[in-house]
Amino acid sequence: NARRVITLLVVIYIGCIGGILKCRFYPQAPLVITLFHLPVFIGILRATALKQCHRGSFYRAVGQGCLAVGVGIIILWLAWMTVDAWDGDWKYTDATKDRLVESSAVLYDTVQLKFEGTTRSLNYKMDCKEVPTYNFKYVYGEPVQTSYTYTMNDKKLIDTACSSVKTVWFLLWVSPFVCALVTGMLAAFCAINGTMMDMNDTSRAEKALKQFFMMVSVLVMVMWVAASIASASMRLTGTIYSFCGAGLVALFAWGYLEIGTKLINSQLKHSKFMGQLMSVFQNDWFRACVVCGFNVTIPTFFAIEVLRAKVRRLRKTTTSKSWTTAEAQTAWSFLKQWQWAGIFMKVNLLCMLYWGMSIGVAKITVVFLAWLNEALASWSYLAVNIALFLIAEFLMMLPPTPGIPVYIIMGIILAGQGRKVEGVGYGGGLIIGIVSAFLVKEVSVVGQYAIGFFMGKSVKIQQLVGVDKVPIRAVEKIMQSKQVIGKVAVLVGGPDWPTNCLCGVLRLSLWTCVWGTIPVITIIGACVMAGAFLAGPKEIMTDTEKSMWSAVANTALVLSGVVQMVAGVIAMYYIQGVVSKDGEELAKPRPEHEPVYQLTLAEEAFRETHAEVLRWDSLPRPWLLLIAVSASMMVGSIFVFQFMDSLCFVDFQVNDRVSDPEGLNCGSNLGCAIFRLVNGDTPIGWAALGIFFFACFLHFIFSSYVGWVAKKRLAAKTADLPAVAEPPTKVDH
């Protein structure tokens, strides 16, 4: 055991040293590695020297210590920025930026760019201070402008290089604040756990376990916000991802040490919440999510374990002749119990959903809105308002359309064109944009509610929505209660189309849905302002002004994302609270849902037969291979889309122009713009799309085969039933 621990530590610290040495490419690595040691050392103290210390006293003491350290760091940081005796003024001003750039000169020198067949180093003044137009060369050590004009790809290359260096010196300047923030979060975490969780109180222990999953959800939502609206000026997405990833690792380690070994195995084993949790973990949809999330790391793990077993046999440290290690055999035995054919089908469906939402709809929507911005440029302001309202309303009524790009383009168009209208102006256009976007939202609430209300008369729709399921009934109970915060959180934090349609299906109060959505104006206002800031108060702006307004727009987007994230977390808290408190009552049958129950019962025979066909031991091996290949191709293509997005697609924003000769260069042709969104400089984008759609084709073939076999088996079973037996209700599938 000691050798294993030492080997593990050696490997971990070699990785840490490598991350620090490569900090020019991963500037967040030193900060994340250093701060991650804080909870690690606290955990080591808890597990060794302070193991016998009362947990409440331990967490309170650690929390108070972290709070004191965090406050001290903030005081010192503010003094460093404001007290002249401490090496001058370090507030984040242009002078401070220049000093940081000067101290980072070696970083700019190490970045090499090649233009006109000549390689040169990155220059902050010529490349990064303003958006460059012409190339330059060094003459006697001084930069001299040449006649070569940068293309759009050249500008993006320069912007990426500038952002990578800027991230380094910005993190150096802001690192004390990050340290204080992390210690403050640790203090809050310790303070809550020192008072909420009593090892001898099962109800409090369950609350702590729910708190653990809530914090995991918060970190995941932060990562989603970072991926959606991260600042483009400093490429901080990787930094946010790194901190969230480190937080997840630390949180799961704490959950294993504090909850897993003490609570789950002792007091919570037979609790209602743990039963619900285990049913989720054993569900094929959850397992499909695990496969999608870990994707390539699963075969990588087994490959490494095979190599480990081979090395052990060569070193003669084991007598086992197994192809892999005991740990891998345990994992393999566990995975063999899964019904992989059904899981692979669900993996494919999840990948299709991801592609449709984040690639198909999201990217096409951005291109369409940018094209619309150009198409409406010559219209009158009143006509633009009416047309934009109708188009935005139509888009909001489509289930997959994200709301944020719609609100942003309303800010760009209405504020941008308002600059040219006397009596309206930039500020008036901004206000009109916020009001119009809010009206679009409220009208869409009514429309989506109506869709759910009328479609909800169908028993099949009620079954698909899950009106007889506990979580949906929990939402219904919240919406019918007097909990104003819970209602608002569900309506604001939930996705637009599903939430409002669900309210219609459940026949909830339309007025409640309309007034409960009013606080969403904070999110809408921030998005519209972001669009207006991207347009800018003047039609012609300097590069410095464009950079400033772009930074303000990014800040507004982050604010809108934070508000929606908070609303989503509050909604999850209220829903989980109702499920835990009234779960048994909500699970009882209701007379109005009897048709749904009867339909479910009638379809149960087909579902059971379908599951039998998908069993590992009954499915012919060629068909199992087919769905496995389909899922592998699907997951692989999604991996490429996720981590090689810049190689697959052109970097196109909602405020870009589809007619830009240096961009998509499609004039007013929307179809051309959508086609050229795929990066033509490399074959990766088209190859990934081809693999994805071919995998979809294989999935369709497999799904059709399984459905055909299931229907045949069900018909055979029905024919073999005794004559006195009542045949199952026939349902079209």
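Coordinates for the structure precede this section.
Small disclaimer: the values here were computed from a predicted structure and weren't measured.

(A) Local environment of the overall build of the protein chain. Along the backbone of the protein chain there are 29 helices and 4 strands. Out of the 733 residues in the protein chain, the part that is buried amounts to 41%. Approximately 39,300 Å² of the protein chain is accessible, and the part contributed by carbon and sulfur atoms is 68%.

(B) Broad picture of the side chain of Thr499. Note that Thr499 resides in helix α21 (residues 496-505). Look past the residues within four positions of Thr499 in its chain and what remains in contact with it is Val490, Leu491 and Gly494.

(C) Broad picture of the packing of helix α1 (residues 2-21) against helix α2 (residues 29-47). With their axes 8 Å apart at the nearest point, α1 and α2 run at an angle of 145° to one another. In terms of crossing hand, the pair formed by α1 and α2 is left-handed. Taken together, the residues of α2 that come into contact with α1 (itself represented by Tyr13, Cys16, Gly19 and Ile20) are Ala29, Pro30, Ile33 and His37. Across the contact of α1 with α2, the residue classes tally to 6 nonpolar, 2 polar and no charged.

(D) Focus on the nonpolar core. With 43 residues, the main nonpolar core has Val347, Phe641 and Phe702 as its most contacted residues. Where this core is concerned, the elements lending two or more residues are α11 (284-294), α13 (326-336), α14 (340-375), α25 (594-613), α26 (621-643) and α29 (684-720). Among the elements that make up this core, the one with the highest residue count is α29 (11 residues). The residues touching Phe641, leaving out its near neighbours within four places in the chain, are Trp355, Ile359, Cys648, Phe649, Gly685, Ala688, Leu689 and Phe692. Ranked by size, the runner-up nonpolar core spans 41 residues in total, among them Leu430, Phe438, Val528 and Trp549.

(E) Up close: the environment of Gly561. Tracing the sequence through the fold places Gly561 in helix α24 (residues 543-586). The buried category is assigned to Gly561, whose relative accessible area is 5%. Counting along the chain gives 34 residues from Gly561 to Cys527, while the straight-line C-alpha distance between them is 9.3 Å.

(F) Region of the structure containing the state of the cysteines. Taken as a whole, this structure holds 2 disulfides when the rule is applied. The disulfide partner of Cys128 is Cys162, and the gap between their sulfur atoms is 2.0 Å. Between Cys128 and Cys162, the disulfide has an S-S torsion of -80° and is therefore left-handed. Of this pair, Cys128 sits in helix α6 (residues 124-128) while Cys162 sits in helix α7 (residues 152-196); the two residues are 34 residues apart in sequence, bridging distant segments of the chain. Between the sulfur atoms of Cys666 and its disulfide mate Cys672 the distance is 2.1 Å. Every disulfide takes its handedness from the sign of the S-S torsion; for Cys666 and Cys672 that torsion is -65°, giving left-handed. Residue Cys666 is classed as buried on the basis of its relative accessible area of 7%. What links to what in the protein chain: the bonded cysteines, counted in sequence order, pair as 1-2, 3-4. Here Cys289 stays unpaired: no disulfide links it, and the sulfur of Cys292, its closest cysteine neighbor, is 6.5 Å away.

(G) Expanded view of helix α20 (residues 484-493). With 8 of its 10 residues buried, α20 lies for the most part within the structure. For α20, every residue scored as buried is listed here: Gly486, Lys487, Val488, Ala489, Val490, Leu491, Val492 and Gly493.

(H) Quick look at the pattern of salt bridges. Tallied over the entire structure, the rule returns 4 salt bridges. One salt bridge in this structure joins Glu476 and Arg590, with 3.1 Å as the shortest N-O distance. Remark: Arg590 occurs in the loop between α24 and α25 and Glu476 occurs in helix α19 (residues 470-480); sequence separation between them is 114 residues. The exposure class assigned to Glu476 is buried, which follows from its relative accessible area of 10%.

(I) Geometry of the packing of helix α15 (residues 381-396) against helix α17 (residues 425-455). Axis separation between α15 and α17 bottoms out at 9 Å; the angle between their running directions is 35°. Judged by the twist between their axes, the crossing of α15 over α17 is right-handed. Here α15 contributes Tyr381, Asn385, Phe389, Ala392, Glu393 and Met396 to the contact with α17, which in turn contributes Gly429, Ile432, Ser436, Leu439, Val440, Val443, Ser444 and Gln448.

(J) Spatial organisation of the packing of aromatic side chains. Evaluated as defined, the whole model comprises 24 aromatic pairs. Centre to centre, the rings of Trp623 and Tyr705 are 3.8 Å apart; their planes meet at 5°, and the pair counts as stacked. Remark: Tyr705 occurs in helix α29 and Trp623 occurs in helix α26; sequence separation between them is 82 residues. Owing to a relative accessible area of 24%, Trp623 belongs among the partly exposed residues under this scheme. On the accessibility criterion, Tyr705 (18% relative accessible area) is buried. Ring geometry for Phe694 and Phe697: centres 6.4 Å apart, planes at 35°, overall tilted. Here Phe694 pairs with Phe697, and both are found in helix α29, just 3 residues apart, close to one helical turn. Each member of the aromatic cluster is reached from another via a ring pair, and the members are Trp355, Phe641, Phe649, Phe692 and Phe693. Directly above the aromatic system of Trp285 lies the positively charged group of Lys346, at a separation of 5.4 Å from the ring centroid. For Arg507, the ring lying beneath its charged end belongs to Phe453, and the centroid distance is 4.2 Å.

(K) Geometry of the pairing of strand β3 (residues 134-139). When β3 meets strand β4 (residues 142-149), the two strands line up antiparallel, connected through 5 bridges. Counterpart to Tyr138 in the pairing with β4 is Pro143. The antiparallel pairing of β3 with β4 creates a hairpin that spans 2 residues between the two strands, and Tyr140 there sits at a positive phi of about 55°.

(L) Structural detail: the environment of Leu557. Looking at the secondary structure, you find Leu557 in helix α24. With relative accessibility at 11%, the residue Leu557 sits in the buried group. In this structure the C-alpha to C-alpha distance between Leu557 and Ile404, which are 153 residues apart in sequence, comes to 8.9 Å.

Cut-offs applied
- Residues numbered from 1 in each chain as written.
- Predicted model: local features only at pLDDT ≥ 70, side-chain atom pairs only at ≥ 80, totals over all residues.
- Heavy atoms only, no water.
- Helix = DSSP H or I, 4+ residues; strand = E, 2+ residues; numbered from the N terminus.
- Buried < 20%, exposed > 50% of the residue type's maximum accessible area, 1.4 Å probe, protein only.
- Areas by Shrake-Rupley, 256 points an atom, 1.4 Å probe, with all protein chains shown as cover.
- Contact = heavy atoms within 4.5 Å.
- Axes fitted to C-alpha atoms, helices over the stretch in contact; angles between N-to-C directions.
- Left-handed = near helix turned anticlockwise from the far one by under 90°.
- Nonpolar A, V, L, I, M, F, W, Y, C, P; charged D, E, K, R; others polar.
- Core = buried A, V, L, I, M, F, W, Y, C linked by side-chain atoms within 4.5 Å.
- Disulfide = S-S within 2.5 Å.
- Salt bridge = Lys/Arg side-chain N within 4 Å of Asp/Glu carboxyl O.
- Phe/Tyr/Trp six-rings, centres within 6.5 Å; stacked < 30°, edge-to-face > 60°.
- Lys NZ or Arg CZ within 6 Å of the ring centre and 35° of its normal.
- Pairing = 2+ DSSP bridges.

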